[in-house]
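Breakdown of the fold
Each chain, letter by letter, is given below.
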Amino acid sequence: MATAHHADHPTGFSRWLFTTNHKDIGTLYLVFAFIMAVVGGLMSLVIRAELWQPGLQMVDPHFFNQMTTVHALVMIFGFAMPGFVGLANWQIPMMIGAPDMALPRMNNWSFWILPFAAILLILGLFMPGGGPAAGWTLYPPLSAQGGIGTDFTLLSIHLLGMSSILGSINIIATILNMRAPGMTLMKMPMFVWTWLITAFLLIAAMPVLAGAVTMLITDRHFGTSFFDAAGGGDPVLWQHVFWFFGHPEVYILVLPAFGVFSQIIPTFARKTLFGYDSMVYATASIAFLSFIVWAHHMYTVGMPMAGELFFMYATMLIAVPTGVKVFNWISTMWRGSMTFETPMLWAIGGVFTFTIGGLSGLMLAITPVDFQYHDTYFVVAHFHYVIFGASVFGLFAAVYYWIPKWTGHMYNETLGKWHFWLTMIGFTITFFPQHFLGLAGMPRRIPDYALQFTEFNQWSTVGAFMTIAAQFLFFYLAIRCMKGGSKATDKVWEGTDGLEWTLSSPPPYHSFTVAPKVK
Amino acid sequence: MTEKHIDRKQRQRIRLTAGALFVLVTLMFVSAAFLGIGA
């Protein structure tokens, strides 16, 4: 009976609604993530169109603020995080030789919370008074004063957090309990390692955000004054609690991309990963340090000199394990038989852009320097280099790397390379000039600006439209790959190594019903 | 996936891991809330 049920593949809508299969859920996550990327991308075009020239021409300032806020929330919680959870769902069981995730029903629930959270987040924009306009950091008193759209957002954040927590518990339970015989922790692929550490970051950080959001809701509706100075509270408390979540969140977005780079670079350099052990320890060190640097986001609120020094030095310390990782990737490529297929281009591009974002991060870590750069476009440039440059590049790298395995078809290599180069050039035109805007003093989150900032803003707008236009190539490529194309081999790439490549392309609905042995 | 792919001992370990993680999540949530109340 169990076998008969096991062999049953539901079809149509019920297959997706009731699925407990890790591959189906992975696909759902990825499709959801890319739909949200389109929504967030369109919002970024509203922002950039308004900033094409000084003065107000397209939208009113309040709507502009809503766009900057919801664009960030959609991209972080709707695109980047679910995108990597999708990759984890598809890949982790196949990479550790497990038949599925450890808690498949909870896996279904983790995903199906997301569309409802996304609907709440978007619906908030259409409520009386509009959506949240306090920026994604939701600092009170602004966030305490917003209309009902802000409540929609806060509830949505609760749901998104729940989904992430459930997903993380599942990932940890899978990795710790379902590895194939012989696969010790130090034999796991780096993508699995980075996800194990990321899941612990999520477990520790998301409940803190939930605590902060709950306090904000009670301040708004139940008469408490956690963040209300008039009632004896302190708005700076929000900043401390929020950034205790917010800084690890950056690494939640970036570490799985590091895992992707660590899978792809050895494949196309045809060498084993240089310094595997040090990669694991560096990832763990980054995760630990991410919890003791939060106040570098808020130097300007004023804190004792000892606090400023501590957070400055602790932040700078992160450059050490990060440097180890970049060194290892470069050493893996050194004297390798390198080829530059699309996944490799995205991986190298990602390491390059992340390194620039890391360097501007070091500049921002220096307290007296941050007093100049705080809340300027320099910060916008910095975090887009980190989050777009590492996370989104990592996501694209992963999709190109594994889509032949998932679909059984090769993608169009020429179009893939066009997608990469157009995005890379568009991204650079968009975000590199923003460094100069910030250094010259242009504040972030404003719909208008002084005349001298016009030229760099116009570069930025042209780049943004170019970047978004390039993504049509990706959607065309991905859909064409799902529908057909030249057949992919089981191994797909010549230089690969790992359990997922021992399965057929596409893999069977239930992979590894008999656990493989790892030597 | 069905139960037959996972033995009982493994199932117990999975539940133990998930349970311990749920406790950790609750502790983190409560400590954030107490930080607010304490302040």
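What comes next concerns the included structure. Predicted, not measured: the structure shown is a model, and the values here were computed from it.

What follows is about the overall build of chain B. Counting secondary structure elements, chain B contains 1 helix and 0 strands. Here chain B holds 39 residues, and 36% of them are scored as buried. Carbon and sulfur atoms form 66% of the exposed surface of chain B, whose accessible area is close to 2,700 Å².

Here the focus is the nonpolar core. Counting residues in each nonpolar core, the largest one holds 172 residues, and the members touching the most others are Phe77, Leu87, Trp136, Trp195, Val260, Trp329 and Trp402 of chain A. Those residues in contact with Trp402 of chain A that lie beyond four places of it in its chain are Leu87, Gln91, Met95, Phe191, Val260, Gln263, Glu500 and Trp501 of chain A.

This next bit is on the pattern of salt bridges. Residue and element names in this part refer to chain A. Across all of its chains, the model carries 4 salt bridges over all chains by this definition. Asp24 is paired through a salt bridge with Arg15; the nearest N and O atoms lie 2.7 Å apart. A salt bridge links Asp151 to Arg220; the shortest N-O distance between them is 2.8 Å. Of this pair, Asp151 sits in helix α7 (residues 148-177) while Arg220 sits in helix α8 (residues 190-221); the two residues are 69 residues apart in sequence, bridging distant segments of the chain. Each member of the pair, Asp151 as well as Arg220, is classed as buried.

Residue and element names in this part refer to chain A. Between helix α9 (residues 235-269) and helix α13 (residues 342-365), whose axes approach to 9 Å, the crossing angle comes to 130°. Between α9 and α13, the angle is such that the two are oblique. Of the two possible hands of crossing, α9 and α13 adopt the one that is left-handed. Residues Val254, Phe258, Phe261, Ile264, Ile265, Phe268 and Ala269 of α9 lie in contact with α13, whose contacting residues are Pro343, Met344, Trp346, Ala347, Gly350, Val351 and Phe354. Partitioning the contact of α9 with α13 into residue classes produces 13 nonpolar, 1 polar and no charged.

Residue and element names in this part refer to chain A. The tally for this structure, following the rule as stated, stands at 5 cavities of 30 Å³ or more. One number sums up the size of the largest cavity: a volume of about 70 Å³. The wall of the largest cavity is formed by Tyr29, Phe77, Met81, Pro82, Val85, Leu114, Leu160, Ser163, Ser164 and Gly167. Contributing elements (two or more residues each) for the lining of the largest cavity: α4 (61-96) and α7. Counted as a void, the second largest cavity has a volume near 60 Å³. Elements with a contribution of two residues or more to the lining of the second largest cavity: α4, α8 and α9. Ranked by residue count, the leading element in the lining of the second largest cavity is α4, at 4 residues. Looking at the lining of the second largest cavity residue by residue, the class counts come to 9 nonpolar, 1 polar and no charged.

Moving on to α9 of chain A. All names here are of chain A. Given a rise of 1.5 Å per residue, 35 residues ought to cover 51 Å, and the 51 Å separating the end C-alpha atoms of α9 matches this to within 8%. In α9, a bend of some 30° at Trp243 exceeds every other bend along the element. Judged by how many residues are buried, α9 sits mostly within the fold: 30 of 35 residues are covered. Its side-chain oxygen 3.0 Å from the backbone nitrogen of Val236, Asp234 forms the N-cap of α9. Within two residues after α9, Arg270 carries a phi angle of roughly 55°, on the positive side.

Once that is clear, we can look at unusual backbone geometry. Residues and elements named next belong to chain A. A cis amide bond links Pro140 with the next residue in sequence, Pro141, at an omega value of 10°. Cis rather than trans, the peptide bond between Ser505 and Pro506 has omega equal to -5°. Note on placement: Pro506 falls in the segment after α17 (454-483). Not every positive phi belongs to a glycine, and Phe512 is a case in point at roughly 50°. Its location among the elements puts Phe512 in the segment after α17. The exposure class assigned to Phe512 is buried, which follows from its relative accessible area of 10%.

This brings us to the packing of α9 of chain A against helix α10 (residues 276-289) of chain A. Residue and element names in this part refer to chain A. Contact geometry of α9 with α10 gives a least axis separation of 11 Å together with a crossing angle of 170°. Considering their axes alone, α9 and α10 lie roughly antiparallel with respect to each other. Together, Tyr251, Leu255, Phe258 and Ser262 of α9 and Met279, Thr283 and Ile286 of α10 make up the contact between the two elements. For the contact of α9 with α10, a count of residues per class yields 5 nonpolar, 2 polar and no charged.

Rules and cut-offs
- Residues numbered from 1 in each chain as written.
- Chains lettered and ligands numbered in written order.
- Predicted model: local features only at pLDDT ≥ 70, side-chain atom pairs only at ≥ 80, totals over all residues.
- Heavy atoms only, no water.
- Helix = DSSP H or I, 4+ residues; strand = E, 2+ residues; numbered from the N terminus.
- Buried < 20%, exposed > 50% of the residue type's maximum accessible area, 1.4 Å probe, protein only.
- Areas by Shrake-Rupley, 256 points an atom, 1.4 Å probe, with all protein chains shown as cover.
- Core = buried A, V, L, I, M, F, W, Y, C linked by side-chain atoms within 4.5 Å.
- Contact = heavy atoms within 4.5 Å.
- Salt bridge = Lys/Arg side-chain N within 4 Å of Asp/Glu carboxyl O.
- Axes fitted to C-alpha atoms, helices over the stretch in contact; angles between N-to-C directions.
- Parallel < 35°, antiparallel > 145°, perpendicular 65-115°, else oblique.
- Left-handed = near helix turned anticlockwise from the far one by under 90°.
- Nonpolar A, V, L, I, M, F, W, Y, C, P; charged D, E, K, R; others polar.
- 1 Å grid on protein atoms, 1.4 Å probe; cavity = no way out; pocket = protein on both sides within 12 Å on 5 of 7 lines; lining within 4 Å.
- Points joined across faces, edges and corners; volume = space filled by probe spheres on them.
- Expected span 1.5 Å × (residues − 1).
- Bend = angle between axes of the 7 residues up to and from the residue.
- Polar contact = N/O pair within 3.5 Å; in protein donor to acceptor, adjacent residues only side chain to side chain.

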